[in-house]
Amino acid sequence: MKLEDLARQVNARARLTGEFVLRSGRTANEYFDKYQFEADPVLLDALAEQMVALVPAGTEVLAGLEMGGIAVVTALGRHTGLPCAFVRKTAKPYGTARLAEGAEVADRQVLVVEDVVTSGGQVVLSTRDLRSLGARVDAAVCVIDRQEGGSEALAAEGITLRALLTRADLGAHGGH
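Residues numbered from 1 in each chain as written. Predicted model: local features only at pLDDT ≥ 70, side-chain atom pairs only at ≥ 80, totals over all residues. Heavy atoms only, no water.

A. Region of interest: the pattern of salt bridges. Summed over the entire model, instances satisfying the criterion amount to eleven salt bridges. With a closest N to O distance of 2.5 Å, Arg-13 and Asp-40 form a salt bridge. Residue Arg-13 is located in helix α1 (residues 3-14), and its partner Asp-40 is located in the loop between α2 (35-38) and α3 (41-51); the two are separated by 27 residues in the primary sequence. Since its relative accessible area comes to 16%, Asp-40 is described here as buried. Arg-78 serves as the salt-bridge partner of Asp-45, at 2.7 Å between the closest nitrogen and oxygen. In this pair, Asp-45 is assigned in helix α3 and Arg-78 in helix α4 (residues 68-80), connecting sequence segments 33 residues apart. Its relative accessible area of 63% is what places Arg-78 among the exposed residues. Each of the salt bridges in this network shares a partner with another, and the network as a whole consists of Arg-88, Lys-92 and Glu-101. (Salt bridge = Lys/Arg side-chain N within 4 Å of Asp/Glu carboxyl O. Helix = DSSP H or I, 4+ residues; strand = E, 2+ residues; numbered from the N terminus. Buried < 20%, exposed > 50% of the residue type's maximum accessible area, 1.4 Å probe, protein only.)

B. Highlighting the packing of α3 against α4. Contact geometry of α3 with α4 gives a least axis separation of 8 Å together with a crossing angle of 60°. On the basis of the axis angle, α3 is oblique to α4. With respect to the hand of their crossing, α3 and α4 are arranged in right-handed fashion. Across the interface between the two elements, Leu-44, Asp-45, Ala-48, Glu-49 and Met-51 from α3 touch Ala-71, Val-72, Ala-75, Leu-76, Arg-78 and His-79 from α4. For the contact of α3 with α4, a count of residues per class yields seven nonpolar, one polar and three charged. (Axes fitted to C-alpha atoms, helices over the stretch in contact; angles between N-to-C directions. Parallel < 35°, antiparallel > 145°, perpendicular 65-115°, else oblique. Left-handed = near helix turned anticlockwise from the far one by under 90°. Contact = heavy atoms within 4.5 Å. Nonpolar A, V, L, I, M, F, W, Y, C, P; charged D, E, K, R; others polar.)

All quantities given are derived from atomic positions and should not be read as evidence of function.
In structure tokens:
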């Protein structure tokens, strides 16, 4: 499937109209619900298939960020054959008490996987956490870059962001 067709499908599934309060507190008449494309197994699989080309050579582990990045990393892992780690925002206080579940990240080249990047804040925080666990992280991939400073914020941390689609590709206006 062509990227333009995928962008159209993502738009059709995830763009909602109505009245929505955004994280910033302002009200918008349009909202981008990323979970709608993540919950569609056929569309998610097609997106992951296209994202394979964004995975840097030498990547040993794909690390998906809680919560939306988990669906994306699982689909991407199916297409790349790479093991996956699932990264929490905070380590759970019970059981294994781990921040990164699944594949071991220490001393490995890790690619951060996220669904939508806006400011890049969560990718920056999670990358710091992964690096503190001994992971080597210098790149991140996402389905959509909303082009609101995320790429620049990540570059300042030594992380190159590779996006399948951008806000411009989607003709986006509203929040997510």
